[in-house]
Amino acid sequence: GWALGTAVSWILPLKYRSETVILIEQQKVPEHYVESNITADLQQRLQSMSEQILSRTRLLALIDKFKLYGGSAEQHDPDALVARMRKDITIEMITAEGRPDQLSAFKVAYSAAKPQLARDVTQELTSLFINENLQNREQMSEDTTSFLQSQLDEARQSLTQQEEKLRLFRTQHAGELPEQLQSNLQILGGLQIQLQAANDALSQTEQRNLYLRSLLRQYQVTGTSATMDGERAGAPQTTREKLASLRAQLTELQGKYTDRYPDILRMKQQIAELEAEESRAPAASSDVNPSATKSTNEESSPIIQLRSELSANEFQIQNEKAKIKRLEGQVEMYQSRLNSTPDREQQASAVTRDYDQSRTYYETLLSKKLQSEMATNLEKRRQGEQFRMIDPPSLPARPYWPNRLAFSLGGLALGLALGVAIAV
């Protein structure tokens, strides 16, 4: 048995294994400054990269490049060569000390009949892992940024639509919005004060109208009597008599109104003019034409003035009524706005809520997209997580297969077992 095991160990073809350790380096920029946008688990990504590197296409390319297993893959069964090469490749994960779920490095090894060939193939496999990791991370980062950009464009369109809805709502219901409630109340209070003042002014104007009409009737009766008496006496009304009449009217008005009342000011001016006229000319002249004196008295009589005042008073009444109607319309409008405020508040809450949600979603996506762009730039500059070869692949000095000592001891153990079995 010992002889057989030793002989077998010398007969089997030799295999040399070259291996290297690839360290998994974290990104150079701290994560609290730039957070990576690649969320896939490292072990899963490494498994995926291993499947890609050990794919049929890539292994056949390596077999043709290094003329492995006796020649070109076209001269042999490609599937058999690929299966054989996969057996000769070893990938071993290395976890961090005290953290069995966190990878810190991994080993890549390849076995070949020649030491130089084993080292070259291991070097090629190591380069494939390093380059594949860089390309894979860059592609994943770009895909994430592209996805966020597409979502951001959709969110921007949605936000634009919500902004347009909010603008139309504010335009259609201007003056009825909840934030305008206090201003509407203030305006309504001011309009009500103006309406009350206008009603008071109309009441005073109407009272003034009644007074003027009554006064006009009195003067018409008095004037008619005075005219008849004058015609009988043959003497026209003198300036002194006009002054007496105006002073009587002034005294009556001063008993009801203040000295700044327009009628009082006008009568005072007329009295002053008549007093000046009386001082310039004699009170009466016998040479004056009776018909001219009568015409002058009629033109400057209090009846004409009262009619003029009455006409102005009626015009003022019309203005006050128009003003009251306008104020009542404004009061009604603002009361309608206040009554519709609860409904508008509910509608505004719905429109504003949709707008706020769209804006928050857009701002969140914008922040994520900017963060993802920084992470993509980090990957393009080769400052993200990457693989680094600690030591170049070793050039094996002795074969790892077959282990002649192990074969000899195995043959000896087999011989002893067979001898004991025969003896038994």
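Residues numbered from 1 in each chain as written. Predicted model: local features only at pLDDT ≥ 70, side-chain atom pairs only at ≥ 80, totals over all residues. Heavy atoms only, no water.

1. What to know about the overall build of the chain
Helix and strand counts for the chain come out as 11 helices and four strands. Within the chain, buried positions represent 33% of all 424 residues. Surface summary for the chain: the accessible area is close to 26400 Å², and the carbon and sulfur share equals 53%. (Helix = DSSP H or I, 4+ residues; strand = E, 2+ residues; numbered from the N terminus. Buried < 20%, exposed > 50% of the residue type's maximum accessible area, 1.4 Å probe, protein only. Areas by Shrake-Rupley, 256 points an atom, 1.4 Å probe, with all protein chains shown as cover.)

2. A short note on a nonpolar patch on the surface
A cluster of nonpolar side chains, namely Trp 2, Leu 405, Leu 409, Leu 412 and Leu 416, defines an oily patch on the protein surface of about 540 Å² accessible area. In this fold, Trp 2 is placed in helix 1 (residues 2-11). For Trp 2, a relative accessible area of 49% gives the class partly exposed. (Patch = residues over 30% accessible without salt bridge, like charges linked within 9 Å, V, L, I, M, F, W, Y side chains within 5 Å. Salt bridge = Lys/Arg side-chain N within 4 Å of Asp/Glu carboxyl O.)

3. Focus on the packing of helix 2 (residues 42-53) against helix 5 (residues 115-172)
For the pair helix 2 and helix 5, the least separation of the axes is 10 Å and the interaxial angle reads 120 degrees. Here helix 2 lies oblique to helix 5, going by the angle between them. Judged by the sense of rotation from one axis to the other, the crossing of helix 2 with helix 5 is right-handed. Listed contacts from helix 5 to Arg 45, Leu 46, Met 49, Ser 50, Gln 52 and Ile 53 of helix 2 are Leu 125, Leu 128, Phe 129, Glu 132, Asn 133, Asn 136, Arg 137 and Met 140. Residue classes in the contact of helix 2 with helix 5 are distributed as seven nonpolar, four polar and three charged. (Axes fitted to C-alpha atoms, helices over the stretch in contact; angles between N-to-C directions. Parallel < 35°, antiparallel > 145°, perpendicular 65-115°, else oblique. Left-handed = near helix turned anticlockwise from the far one by under 90°. Contact = heavy atoms within 4.5 Å. Nonpolar A, V, L, I, M, F, W, Y, C, P; charged D, E, K, R; others polar.)

4. Digging into the nonpolar core
Ranked by size, the top nonpolar core spans 30 residues in total, and within it Leu 68, Met 85, Phe 106, Tyr 110, Leu 125 and Phe 387 carry the most contacts. The set of elements that each furnish at least two residues to this core consists of strand 1 (16-25), helix 2, helix 3 (56-66), helix 4 (78-88), strand 3 (99-112) and helix 5. Element by element, the count of residues in this core is highest for helix 5, at six residues. If near-sequence neighbours (up to four positions away) are discounted, Leu 125 is found in contact with Ile 53, Leu 62, Ile 89, Val 108 and Tyr 110. (Core = buried A, V, L, I, M, F, W, Y, C linked by side-chain atoms within 4.5 Å.)

5. Description of the packing of aromatic side chains
Tallied over the entire structure, the rule returns two aromatic pairs. Relative to Phe 387, the ring of Phe 106 has its centre 5.2 Å away and its plane inclined at 75 degrees; by these criteria the two rings are edge-to-face. Placement of Phe 106 in strand 3 and of Phe 387 in strand 4 (residues 386-389) is noted, with a sequence separation of 281 residues between them. Relative accessible area serves as the criterion here: at 0%, Phe 106 is assigned to the buried category. The exposure class of Phe 387 is buried, given its relative accessible area of 4%. In textbook terms, an aromatic cluster arises when at least three aromatic residues are bridged by ring pairs, as seen for Phe 106, Phe 129 and Phe 387. Here the guanidinium or amino end of Arg 337 rests over the ring plane of Tyr 334, the centre of that ring lying 4.9 Å away. (Phe/Tyr/Trp six-rings, centres within 6.5 Å; stacked < 30°, edge-to-face > 60°. Lys NZ or Arg CZ within 6 Å of the ring centre and 35° of its normal.)

6. Things to note about the sheet that holds strand 2 (residues 89-96)
One open sheet accounts for four strands, arranged 2-3-1-4; its pairing is antiparallel. Two strands close off the open sheet at either side, each with one partner strand: strand 2 and strand 4. Strand-to-strand, the axes of this sheet are offset by a mean angle of 30 degrees, without reference to chain direction. Bridging between strand 1 and strand 4 involves four bridges; their strand directions are antiparallel. Bridge assignment links Leu 23 to a residue of strand 4, and that residue is Arg 388. Against the sheet, helix 5 contacts strand 1, strand 2, strand 3 and strand 4, and its axis sits at roughly 140 degrees relative to strand 3. (Pairing = 2+ DSSP bridges.)

7. Focus on the side chain of Arg 337
Its place among the elements puts Arg 337 in helix 10 (residues 302-380). Buried within the structure, Arg 337 lacks any salt-bridge partner; Glu 176 is the closest side chain of opposite charge, at an N-O distance of 5.4 Å. Filtering out sequence-adjacent residues up to four positions away, Arg 337 remains in contact with Ala 174, Gly 175, Glu 176 and Asn 184. (Lys, Arg positive; Asp, Glu negative; His and termini not counted.)

8. Some thoughts on the confidence of the model for the chain
Across the chain, the average pLDDT comes to 81, with 88% of residues at 70 or higher. Mean pLDDT across the elements of the chain bottoms out in helix 9 (residues 290-299) (47) and peaks in helix 5 (91). The low-confidence segment residues 283-289 (pLDDT under 50) makes three contacts with residues lying over four places distant or belonging to another chain. With pLDDT under 50 throughout, residues 291-300 is counted as low confidence; its partners more than four residues away or in other chains account for 12 contacts. (pLDDT = per-residue confidence, 0-100.)

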